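Overview (structure and organization)
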Amino acid sequence: MQSALQIATSALQSNEVPVGCVFVHGSRIIASGRNDTNRSLCGTRHAELVAIDKILATHPPSIFKETDLYVTVEPCIMCASALRQIGIRKVYFGCSNDRFGGCGGVLRVHEGDGMGDGRNGGNGGGGGGYEVVGGIYSSSAVVKLREFYVQENGRAPVATSKKGRELKTDNLPVDVDVL
Amino acid sequence: MQIRLQFFDEEEEILLLDKDSPLRNLVPLRTLQEIRAAIETIDVFTVPIPSRSANVILSSLRAIVPTSLQHLRRLVKPCYIPDPLVDFLAVPPTPPEENILYLLVCPVADISEDNLSNFLRELPAFSTTGTIPRIMTIAVPSSQPISAAQATEWSAKYWPAVYKRGNPYGPHPSLVSQTLRGLVDPENHILLAKRTAAKAAFSGEGLGFGAVIVDPQTGQVLAAAGDARLRCNEKGWSNPLDHAAMRAIDMVAQRRLGRAQNVRPDNKVEVWDGIYLEDEEASGKIVTKVNGNSNIKKEDTDGDANGENGKEADDRRDDGYLCHNLQVYLSHEPCVMCGMALLHSRVGSVVFGTRMTRTGALNAEAGGKQMGLFWRPELNWKFICWQWRAGPGEEMESHENVDA
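Residues numbered from 1 in each chain as written. Chains lettered and ligands numbered in written order. Predicted model: local features only at pLDDT ≥ 70, side-chain atom pairs only at ≥ 80, totals over all residues. Heavy atoms only, no water.

A few words now on the overall build of chain A. Counting secondary structure elements, chain A contains five helices and five strands. Considering chain A as a whole, with its 179 residues, one finds that 51% of them fall into the buried category. The long-range fraction of contacts in chain A, counting pairs at least 24 apart against all pairs at least 6 apart in sequence, stands at 57%. (Helix = DSSP H or I, 4+ residues; strand = E, 2+ residues; numbered from the N terminus. Buried < 20%, exposed > 50% of the residue type's maximum accessible area, 1.4 Å probe, protein only. Contact = heavy atoms within 4.5 Å.)

With that settled, consider helix H6 (residues 148-157) of chain B. Every α-helical turn comprises 3.6 residues, leaving residues that sit three or four positions apart pointing alike. Residues and elements named next belong to chain B. Within H6, burial applies to Ala148, Gln150, Ala151, Trp154 and Ser155. Projected onto a plane normal to the axis of H6, the buried residues spread over an arc of 155 degrees and lie on a single side. Contacts made by the buried residues of H6 are with helix H1 (32-39) and strand S5 (136-141). (Arc of directions from axis to C-beta.)

What follows covers the environment of Val22(A). Residues and elements named next belong to chain A. Along the chain, valine 22 falls in strand S1 (residues 20-25). Its relative accessible area of 2% is what places valine 22 among the buried residues. When the C-alpha positions of valine 22 and leucine 69 are compared, they lie 6.0 Å apart, and in sequence the two are 47 residues distant. Once residues within four sequence positions are removed from consideration, valine 22 is found in contact with Ser3, Ala4, Ile7, Ile29, Ala31, Ser32, Asp68, Leu69 and Tyr70.

Bringing the UniProt feature "domain: CMP/dCMP-type deaminase" (unreviewed entry) in chain A into the picture now. UniProt annotation of "domain: CMP/dCMP-type deaminase" (unreviewed entry) refers to residues 1-107 of chain A when read in the numbering used here. Between the end C-alpha atoms of residues 1-107 of chain A the distance is 23 Å, and the span holds 36% helix and 24% strand. (UniProt positions renumbered as here; feature names shortened; annotations may be inferred.)

Moving on, we come to the packing of helix H3 (residues 47-58) of chain A against helix H4 (residues 77-86) of chain A. Residues and elements named next belong to chain A. Running from amino to carboxyl end, H3 crosses H4 at an angle of 25 degrees, the nearest separation of the two axes being 10 Å. By the criterion of interaxial angle, the relationship of H3 to H4 is roughly parallel. Residue-level inspection shows Glu48, Leu49, Ile52 and Leu56 of H3 in contact with H4, the latter providing Met78, Cys79, Ala82, Leu83 and Ile86. Each residue belonging to the contact of H3 with H4 can be placed in one class, and the counts come to eight nonpolar, no polar and one charged. (Axes fitted to C-alpha atoms, helices over the stretch in contact; angles between N-to-C directions. Parallel < 35°, antiparallel > 145°, perpendicular 65-115°, else oblique. Nonpolar A, V, L, I, M, F, W, Y, C, P; charged D, E, K, R; others polar.)

As a further point, take the confidence of the model for chain A. The pLDDT averaged across chain A works out to 82; a share of 76% of its residues lies at or above 70. Note that pLDDT drops below 50 for residues 115-126 of chain A; the model gives that stretch 34 contacts with residues more than four away or on any other chain. (pLDDT = per-residue confidence, 0-100.)

The next subject is the pattern of salt bridges. Across all of its chains, the model carries 11 salt bridges over all chains by this definition. For the salt bridge of Arg264(B) with Asp53(A), the shortest nitrogen-to-oxygen distance reads 2.7 Å. Here the residue Arg264(B) occupies a position in the loop between helix H9 (244-257) and strand S8 (276-279), and Asp53(A) occupies one in helix H3, the pair thus bridging two chains. Residue class for Arg264(B) comes out buried when judged on its relative accessible area of 6%. Lys90(A) is the salt-bridge partner of Glu131(A), the closest N and O atoms lying 3.4 Å from each other. A residue pair is termed long-range when its members are at least 10 positions apart, and Glu131(A) in strand S5 (residues 131-133) and Lys90(A) in strand S4 (residues 90-95) qualify at 41 residues. Residue Glu131(A) is classed as partly exposed on the basis of its relative accessible area of 48%. (Salt bridge = Lys/Arg side-chain N within 4 Å of Asp/Glu carboxyl O.)

Within a sheet, each strand pairs with its neighbour through backbone hydrogen bonds, oriented either parallel or antiparallel. All names here are of chain B. Sheet architecture is open: six strands sit in the order S1-S12-S11-S10-S6-S7, paired in mixed fashion. Each edge of the open sheet is held by one strand with a lone partner, namely strand S1 (26-28) and strand S7 (220-226). Going from strand to strand, the sheet's axes swing by 20 degrees on average, the running direction of each strand aside. Sheet topology places S1 next to strand S12 (residues 384-388); three bridges connect them, and they run antiparallel. (Pairing = 2+ DSSP bridges.)

Another point: the packing of aromatic side chains. Two measures describe an aromatic ring pair: the distance that separates the ring centres and the angle between the ring planes. Per the counting criterion, the structure on display carries four aromatic pairs over all chains. Taking 6.0 Å as the distance between ring centres and 80 degrees as the angle between the ring planes, the aromatic pair formed by Phe23(A) and Phe64(A) counts as edge-to-face. Here Phe23(A) is found in strand S1, whereas its partner Phe64(A) is found in the loop between H3 and strand S3 (67-73), with 41 residues between them in sequence. Residue classification places Phe23(A) among the buried residues on the basis of a relative accessible area of 0%. Centroid distance Phe374(B) to Phe383(B): 6.5 Å. Interplanar angle 45 degrees. Geometry classified as tilted. In terms of burial, Phe374(B) and Phe383(B) fall into one category: buried. One Lys or Arg, Lys382(B), reaches over the ring of Trp375(B) and ends 5.9 Å from the middle of that ring. (Phe/Tyr/Trp six-rings, centres within 6.5 Å; stacked < 30°, edge-to-face > 60°. Lys NZ or Arg CZ within 6 Å of the ring centre and 35° of its normal.)

Let us look at the sheet that holds S4(A). Residue and element names in this part refer to chain A. The five strands lie next to each other as S2-S1-S3-S4-S5, forming an open sheet whose pairing is mixed. Looking along the sheet, the strands with just one partner apiece sit at the ends: strand S2 (28-34) and S5. For this sheet, the mean inter-axis angle between neighbouring strands, taken without regard to orientation, is 20 degrees. Across the sheet, helix H1 (residues 2-13) is in contact with S1, S2 and S3; its angle to S1 comes to roughly 145 degrees.

In this section: unusual backbone geometry. Positive phi, close to 60 degrees, is recorded for Asn15(A), a residue that is not glycine. Relative to the elements of secondary structure, Asn15(A) occurs in the loop between H1 and S1. Residue Asn15(A) is classed as partly exposed on the basis of its relative accessible area of 45%. In the Ramachandran plot, Asn325(B) falls in the positive-phi region, its phi being about 60 degrees despite a non-glycine side chain. Topologically, Asn325(B) is positioned in the loop between strand S9 (286-289) and strand S10 (327-332).

Tracing the backbone shows Arg346(B) in the loop between helix H10 (336-344) and strand S11 (349-354). For the buried Arg346(B), which has no salt bridge, the nearest side chain bearing the opposite charge is Glu16(A), at an N-O separation of 12 Å. Separated by 3.1 Å, the side chain of Arg346(B) and the backbone oxygen of His344(B) make a polar contact. Not counting residues up to four positions away in its chain, the partners in contact with Arg346(B) are Tyr321(B), Leu322(B), Cys323(B), His324(B), Asn325(B), Asn380(B) and Trp381(B). (Lys, Arg positive; Asp, Glu negative; His and termini not counted. Polar contact = N/O pair within 3.5 Å; in protein donor to acceptor, adjacent residues only side chain to side chain.)

Structural data, given as structure tokens:
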């Protein structure tokens with residue numbers, strides 16, 4: 001996890017959302033990845049997917065069933081599904097992600113039948129689930145994210161200004177309706 | 001006291017479609033919240049009261065129970081009591097009983113039946129005779145209706161309901177209509193997605209899934225990708241995550257990034273090769289043409305990502321942010337990974353063909369994963385989503401256990 005945090009720091013220095021990860025196979029790091037969405041102009045280039053690409057360049061997909069992921073932030077819903085589909089063994093993460101976490105933050109893609117919110121029915125969702133352990137060095141991971149988010153996102157479209165709007169409280173409908 | 005008389009006269013922006021319009025094939029997906037709101041009911045008390053005492057009773061009632069359920073009529077004439085309740089409420093035949101109104105008191109959780117009896121007994125309307133009307137419990141929808149049509153349905157089934165413009169559980173109807181009107185040639189683009197799917201399956205490089213991304217500003221196809229999860233690299237294995245939607249998103253990014261850099265340095269991205277659509281025949285058949293290059297080159301398997309002809313640079317627009325507000329056409333409902341990838345990419349609308357009941361992430365209806373990923377309040381982006389209803393003989397192979 002220390003390595004993952006270092007990689008997250010390097011992402012921060014490259015003006016990327018500071019999320020880093022390492023994939024560990026037999027106590028050896030086989031690949032690392034960091035967020036690459038801003039450079040690539042592609043919203044799916046999350047640390048996990050970047051590292052999965054690297055691994056598949058040299059290892060067959062079957063390696064994942066003996067591989068664990070260490071990532072500084074809980075995998076998002078997309079990555080949680082990707083990890084499930086690729087058959088990861090176990091995921092260790094730092095801070096949880098209540099914006100779009102897929103391992104408990106918002107949905108629980110990693111467990112059960114992958115239905116997302118604990119419902120039953122069918123085994124769809126790309127094979128079995130995987131175990132997750134969260135909260136490892138979570139405060140360091142959060143601080144890194146905060147370091148990033150105090151900056152502006154220059155690439156985002158200009159938000160609609162809501163200045164000048166006010167909450168209207170008059171003209172509410174009366175609650176008596178005769179039909 | 002002001003008493004408002006209104007019927008379902010709120011105008012609703014519903015797009016009126018011609019009988020033959022291809023847009024009729026687009027079935028909007030209901031959000032998870034809309035579906036839940038539509039089926040949740042709550043038990044409430046109702047009593048018949050003399051209409052001349054209605055205002056007095058209501059003012060007294062306001063002092064003891066909170067006002068709630070504003071989407072339901074508080075007072076209802078016998079003739080508007082829904083048919084399924086007429087016998088249960090023993091509604092007197094009309095006329096002559098026009099002096100009776102049914103009062104929707106409150107949810108049963110807000111007051112006990114005993115307290116309600118005591119309250120009624122002390123009202124001037126009943127204290128003289130000493131008899132109070134029968135208190136009855138009925139089930140009514142607990143959430144407000146999301147359309148005038150739903151209000152009408154509920155009024156006939158549960159209790160007269162009011163549609164107040166707006167939809168707290170999903171996209172406003174006018175937003176859906178507006179987005180529907182903005183779809184660029186959905187008929188041909190869904191067809192292109194299906195053709196791309198068929199091509200991927202035929203090539204053996206992937207399963208029969210396809211994705212197309214269209215820029216609504218220019219009407220241009222920015223990317224068309226087939227599934228490639230079976231395509232082997234030089235080492236002899238494939239990437240199980242090379243799904244059509246992921247690849248199409250990559251293509252849009254690669255197009256914007258230009259040839260100097262790769263979106264995925266370890267898994268080269270092909271760029272949509274300039275095949276475009278031309279609606280030549282009345283049948284709507286797709287005619288493909290190649291933009292300045294004689295051989296149709298879909299896949300760039302040798303890893304030279306940016307194409308040799310350089311044409312992709314001509315129409316590249318650098319001002320785009322991810323896939324912000326682009327239109328996506330998919331042969332099949334995407335899996336969780338692809339669904340969230342579309343959300344991360346800020347797409348504006350998605351049309352898919354075949355529903356994937358076991359793996360699809362978008363549909364929220366019963367009989368599937370019920371994830372409704374396209375519109376969830378806790379996520380930071382939402383898009384409008386339709387299923388394209390396949391005509392006879394147009395159904396695709398579903399691969400129902402596979403993540404599309």
